[in-house]
Amino acid sequence: MRDANLHTIYLKDYTAPEYLIHNVALNFVLDEEKTRVTSRLTMSRNPASQSRDQSLTLAGENLILIRINLNDGNDLTEEQYQLTHDSLIINEVPQQQNFILIIENLINPKANTALEGLYLSNSMLCTQCEAEGFRKITYFLDRPDVMAKFTTTLVADKNRYPVLLSNGNKVDRGELPGNLHWVTWEDPFNKPCYLFALVAGRLECLEDSFTTLSGRRISLQIFVEKQDIDKCGHAMQSLKNAMRWDEKVYGREYDLDLYMIVAVSHFNMGAMENKGLNVFNTKFVLARPDTATDSDYEHIEGVIGHEYFHNWTGNRITCRDWFQLSLKEGFTVFRDQEFTGDRTSKAVKRIEDVNMLRTRQFAEDAGPLAHPVRPESYIEINNFYTLTVYEKGAEVVRMIHTLLGAEGFRKGSDLYFERHDGQAVTCDDFIKAMEDANAADLKQFRRWYSQAGTPVVSVQQHYDQATKTLALTLRQSCPPTPGQAVKEPLHIPVRIGLLNSDGSIASCLMQGTNQATEEVILPLTQSEQSFTFENLPASKPILSILRGFSAPVKLVLERSLEELAFLLSYDRDTFNRWEAGQQLAGQIISGLIADVQQGRELQVNPVFIKAFKQVLEQAWDDLSYFSLLLSLPSETYLAEQMQFIDVEAIHKARECVALTLAEQLQAQFKTLYLANNREESGQFDAGAIGRRRIKNTCLGYLGKLENKEIQEWATTAQNTAKNMTDQIAALAVIVNNPHPARQSCLDNFYRQWQAEALVIDKWFALQASSPMPDTFAKVLSLMKHPAFDLKNPNRVRALIGAFSQANPLHFHAANGQGYQFLADQIIALNSLNPQVASRMVNALTSWRRYDKARQELMTAQLKRIISTEAISGDVYEVASKSLL
Ligand code: TRP
Ligand code: ZN
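The shown structure was predicted, so the numbers you read here are calculated from the model rather than taken from an experiment. (Residues numbered from 1 in each chain as written. Chains lettered and ligands numbered in written order. Predicted model: local features only at pLDDT ≥ 70, side-chain atom pairs only at ≥ 80, totals over all residues. Heavy atoms only, no water.)

Re the overall build of the protein
Helices and strands together make up the secondary structure of the protein, namely 26 helices and 31 strands. The C-alpha radius of gyration computed for the protein amounts to 28 Å, which stays within 12% of the reference 29 Å derived for 884 residues, consistent with globular compactness. For the C-alpha atoms alone, the extent of the protein along its principal axes is close to 90 × 70 × 60 Å. In the protein, which comprises 884 residues, the proportion classed as buried is 61%. (Helix = DSSP H or I, 4+ residues; strand = E, 2+ residues; numbered from the N terminus. Rg over C-alpha atoms; globule rule 2.2 N^0.38 Å. Buried < 20%, exposed > 50% of the residue type's maximum accessible area, 1.4 Å probe, protein only.)

Now the structure itself:
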């Protein structure tokens, strides 16, 4: 077990910084193994700090110190400072006036496999500083409430590093003897050091420009490695779309004359919003129709938007401390979700987001690592870039939008930007701006930020025939979470509508109001609350509740299969219509799970087949939405609904439903497949995307039939597809079923795409998530494949991540081989890249949800991980908290 470096940091302990940094002048002499950093800081005591301490403590990790100089005197001697493994303490600095501190140190980018600080990716040098990576570059006050103006000079070999980039504007350049050149960048905006970036390499650039509403011309540049220059067009278009959207929807313009994006192959997350110089995972930049799927295209636009939107929500206004992370992330995710909804289909985007929230964030909120949107403590902040902070945080912002309306929300965001521009603020400052701009009271609403766990809302209906009124009684509760045994009621907006029994709209007239409307938002604030509707038709109306998923809660409401089928046909709300189908399928599959467990024969209820058939035979405009209606809830979502997870029964039951549908509706699936199977090179337009999506959904069902004709359809599609969406969908059908040409198709695919790393990631992920019986053996042999690389996070996620997080059936194999395999990989990754290792632990943390035998196997592996020598704080925190 480890002991060092395991401090818990608490929100309640926040104090203002003792010193301020006004200006930072950095000089880098770049080299793969020996980069020399000179930092010249203009500093002063912070008048807002209570402390009297005359010493100055700077954070620093893995640095080789060369010299320290204070106010141009002699370099400090060893008696004048102390070095620890993570800090530099200067015994005494001037207290009354500004002072200049110069520090020189060395760093080794090539040895940096953690990909935090300055590191090497292929032959390019790049940085990642959020959250606390700047301290791996030089000694600094590495906290977001210390904001400074940065000037950065990069010196490097002209041939190896012809392109030298940093934040802001390029202000000067020159040449030096020894084939060196230098460039100076100046960022006019104050920023915290986590937004610092530099990139150096032999890069190609795609250039374009954007003219802002006020008429300023912004130069846009995307830098990639040479072989990828033909895959940047979509990212560039996405950037322009995002810039226009933020002007239109939030009134926000870009503020520098230059916006740069660099794509790198080795990256711990999706992308990073460094001021004026975003650094992206190649996965969220590169796309060509033959290499990227429609969903890749959508994610690229979403992530480009996300990082662009951070310029206002994150950079111009940043976080006071890391507990406030959702201030920028929750808000920015909400912004990117709305952007994507506007660009594609609002209905489809909402369903996809809720699906993700309910399968993954709900699981987090129900497990041992549950924490509030604004956490109260952490050991390693990198572990708190979570689904709760990002996705639930976005839902919380969305609820504010719902409560205030679009106009009220815009007034609130305008005030927020005006009031806090240039500051490092808190989640509370954000809510306060929303309140002040609308004269609203969000006091109780604030609990969404401090209370963890997914609330449960149960609904009881009482229709009174005599008075033609409907009384709804809503009850809310929230299960205890670690450190929070007792929960207070939340302010929950519940959007509802009513339908007559012929499917027409019944208007809602709430008691005490005098206007009937098509929809109402019920303000649920108490643990139990009733709402009555009057003037209703002579028979009980059908309730459509939590429309658009108006709050991140679990709804408990008994519904008959017939009522669900009715809502699937008639609900006007696109989310609830889909949701009715999911619940219908969910009830059927749950029944079958019980049948599997009790050894009964499996038979799918004809009510479900009939409802499904009705959807299938209808004509739909939005084919993507249509495909979602035809999709069964995933095994992971079904698992999340169960108290005790039986992976095998879930798989069997769900497969039985899919196969029955395929058998009984074979003709309809075939017709639909053929009608939409055009030869398409893969344009990113809604019509073509919809056609591909519905066609491949049909092929997915048909593939289960083990029928020669269909196997040939799949082989032909895999061999001849002109776009990656169709090719990978066909390959999935081949890999996920007992298809005779499985291995040869995989081999062909590999040969065709071996030069495209992102496509090869798909090839790994597909095999790792197959339900076929030889998958585990396959995974073991893929670990030895020459293209596998433990140092590349995308590859690790494609193979180890997909197997442990997208293949419940095999990962949870009863003999524990999946658990042992994952633990082995986590231990190996721990010393290379703690952030990636820590994310992989996730698959083991929900051990309490499985049977006794599996619980023991999983906890044994968690204990083995914790007892590893030199375990990182990252991995230790997640593994140890999951065992508490
Ligand atoms: N702030 C980034 C975003 O959400 C994500 C991020 C945080 C990140 N830490 C990181 C990216 C570390 C890469 C590595 O947009
Ligand atoms: Zn972000």
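We are not done yet, so read on.
So, the sheet that holds strand β16 (residues 204-211)
With mixed pairing, the five strands of this open sheet are ordered in space as β16-β17-β18-β20-β19. Looking at which strands have only one partner, the edges of the open sheet turn out to be β16 and β19 (271-272). For strand β17 (residues 217-224) and strand β18 (residues 258-264), the ladder comprises five bridges, and the chain directions are parallel. When the bridges of β18 are listed, phenylalanine 223 appears paired with valine 262. Set on the sheet, helix α1 (residues 233-250) makes contact with β16, β17 and β18; between it and β16 the angle comes to about 25°. (Pairing = 2+ DSSP bridges. Contact = heavy atoms within 4.5 Å. Axes fitted to C-alpha atoms, helices over the stretch in contact; angles between N-to-C directions.)

Structural notes on the state of the cysteines
Taken as a whole, this structure holds zero disulfides when the rule is applied. Cysteine 319 provides the cysteine sulfur closest to cysteine 427, a residue in no disulfide bond, and the two sulfurs are 7.3 Å apart. (Disulfide = S-S within 2.5 Å.)

Some remarks on the site of ligand 1
If you check the shell around ligand 1, you find 14 residues, and the closest are Glu130, Glu273, Glu307, Glu329 and Tyr390. In this structure, an oxygen atom belonging to ligand 1 sits 2.7 Å away from a side-chain N or O atom of glutamate 307. Surface burial for ligand 1 is 97%, taken as the share of its 370 Å² of free accessible area covered by protein chains. Mapped by element, the contributors of at least two residues to the shell around ligand 1 are β19, α2 (294-309) and α3 (325-343). The residue makeup of the shell around ligand 1, split by class, is six nonpolar, three polar and five charged. (Near = heavy atom within 4 Å. Polar contact = N/O pair within 3.5 Å; in protein donor to acceptor, adjacent residues only side chain to side chain. Areas by Shrake-Rupley, 256 points an atom, 1.4 Å probe, with all protein chains shown as cover. Nonpolar A, V, L, I, M, F, W, Y, C, P; charged D, E, K, R; others polar.)

A word on the coordination of the zinc ion (ligand 2)
Six octahedral donors around a metal ideally sit at 90 or 180 degrees from one another, while four tetrahedral donors ideally sit at 109.5 degrees. Within the protein, the atoms that donate to the zinc ion (ligand 2) are His306 (NE2), His310 (NE2), Glu329 (OE) and Glu329 (OE), at distances of 1.9 to 2.8 Å. Coordination at the zinc ion (ligand 2) comes from six donor atoms whose angles at the metal span 48 to 160°, giving a geometry best classed as irregular. Counting along the primary sequence, the residues that act as donors to the zinc ion (ligand 2) give the motif H-x3-H-x18-E. Histidine 310 matches histidine 306 in its accessibility class, with the two residues each being buried. (Donors = N, O, S within 2.8 Å, 3.2 Å for Na, K, Ca; no water. Tetrahedral: all angles 85-135°; square planar, octahedral: opposite > 155°, others 65-115°.)

Looking at the packing of aromatic side chains
Across all of its chains, the model carries 47 aromatic pairs by this definition. Ring centres of tyrosine 673 and tryptophan 713 lie 4.7 Å apart, and the angle between their planes is 10°; this geometry places the pair in the stacked category. Taken as a pair, tyrosine 673 in helix α14 (residues 666-676) and tryptophan 713 in helix α16 (residues 708-720) lie far apart in primary sequence, 40 residues in all. By relative accessible area, which is 3% here, tyrosine 673 ends up buried. The cationic tip of arginine 45 hangs over the ring face of tyrosine 19; the distance from NZ or CZ to the ring centre is 4.8 Å. Stacked on the ring of tyrosine 250, the Lys or Arg arginine 335 has its end atom at 4.5 Å from the ring centre. (Phe/Tyr/Trp six-rings, centres within 6.5 Å; stacked < 30°, edge-to-face > 60°. Lys NZ or Arg CZ within 6 Å of the ring centre and 35° of its normal.)

Overview of helix α6 (residues 427-438)
With twelve residues, α6 extends 17 Å between its outermost C-alpha atoms, agreeing within 8% with the 16 Å of an ideal straight helix rising 1.5 Å per residue. The complete set of buried residues in α6 reads Cys427, Phe430, Ile431, Ala433, Met434 and Glu435. Buried residues along α6 sit against α3, α5 (387-420) and α7 (447-450). Alanine 439, located one to two residues past α6, shows a positive phi value of around 45°. (Expected span 1.5 Å × (residues − 1).)

Considering the UniProt feature "domain: Peptidase M1 membrane alanine aminopeptidase" (unreviewed entry) in the protein
UniProt annotation of "domain: Peptidase M1 membrane alanine aminopeptidase" (unreviewed entry) refers to residues 235-448 when read in the numbering used here. Structurally, residues 235-448 comprises 56% helix and 9% strand, and the distance from its first C-alpha atom to its last is 35 Å. (UniProt positions renumbered as here; feature names shortened; annotations may be inferred.)

Section: the domain arrangement of the protein
In terms of domain boundaries, the protein breaks down into domain 1 (318-450), domain 2 (456-547) and domain 3 (754-884). Taking the mean C-alpha position of each, domain 2 and domain 3 sit 44 Å from one another. (Domains from an automatic or database assignment.)

Observations concerning the pairing of strand β30 (residues 542-545)
Covered by surrounding structure in β30 are Ile542 and Ser544 together with Leu543 and Ile545, the residues of both alternating faces. Pairing of strand β26 (residues 492-499) with β30, which is carried by four bridges, proceeds in the antiparallel orientation. When the bridges of β30 are listed, isoleucine 496 appears paired with isoleucine 545.

What to know about the environment of leucine 41
Tracing the chain through its elements places leucine 41 in strand β3 (residues 35-45). As a C-alpha pair, leucine 41 and serine 51 span ten residues in sequence and 21 Å in three-dimensional space. Apart from residues lying up to four places away in sequence, leucine 41 is in contact with Ile21, Asn23, Val24, Phe99, Ile100, Leu101, Tyr139 and Phe140.

Overview of the packing of α3 against helix α4 (residues 346-366)
Viewed as axis vectors pointing N to C, α3 and α4 meet at an angle of 140°, and their least axial separation amounts to 7 Å. Contact residues: Gln337, Glu338, Thr340, Gly341 and Asp342 in α3; Lys346, Lys349 and Asp353 in α4.

Describing the sheet that holds strand β24 (residues 456-464)
The sheet built from four strands is open, its strands ordered β29-β25-β24-β31 with mixed pairing. Whereas interior strands pair on both sides, the edge strands pair on one side only; in this sheet they are β29 (528-533) and β31 (554-556). Pairwise comparison of adjacent strand axes, ignoring direction, gives a mean angle of 25° for this sheet. Sheet analysis places strand β25 (residues 469-477) next to β29, joined by six bridges and oriented antiparallel. Paired with threonine 473 across the two strands is serine 530, which belongs to β29.

Some details on unusual backbone geometry
Of the consecutive residues glutamate 130 and alanine 131, the connecting peptide bond is found in the cis state with omega at -5°. With respect to the helices and strands, the residue alanine 131 is situated in the loop between β10 (124-128) and β11 (148-157). In the Ramachandran plot, asparagine 535 falls in the positive-phi region, its phi being about 65° despite a non-glycine side chain. When you line up the elements, asparagine 535 lands in the loop between β29 and β30.

Some details on the side chain of threonine 318
For threonine 318, the position within the fold is in strand β21 (residues 318-319). For threonine 318, a relative accessible area of 0% gives the class buried. A polar contact of 2.9 Å, which involves the side chain of threonine 318, links it to the backbone oxygen of glycine 314. Setting aside chain neighbours within four positions, we find threonine 318 in contact with Pro144, Met147, Pro192, Tyr194, Leu327, Gln423, Ala424 and Val425.

Quick notes on the pattern of salt bridges
Under the definition given, this model contains 63 salt bridges. Here glutamate 175 ties to lysine 158 by a salt bridge, and the two come within 2.8 Å at their closest N and O atoms. In this pair, glutamate 175 sits in strand β13 (residues 169-176) while lysine 158 sits in the loop between β11 and β12 (163-166), placing the two residues 17 residues apart along the sequence. The exposure class assigned to glutamate 175 is exposed, which follows from its relative accessible area of 57%. Taking the relative accessible area as the measure of exposure, lysine 158 reaches 30% and is therefore partly exposed. Arginine 316 is the salt-bridge partner of aspartate 255, the closest N and O atoms lying 2.8 Å from each other. Residue aspartate 255 is located in the loop between α1 and β18, and its partner arginine 316 is located in the loop between α2 and β21; the two are separated by 61 residues in the primary sequence. Grouping residues by exposure puts aspartate 255 and arginine 316 together as buried. Through salt bridges with shared partners, a single ionic network connects Asp228, Asp230, Lys231, Arg288, Asp290 and Glu756. (Salt bridge = Lys/Arg side-chain N within 4 Å of Asp/Glu carboxyl O.)

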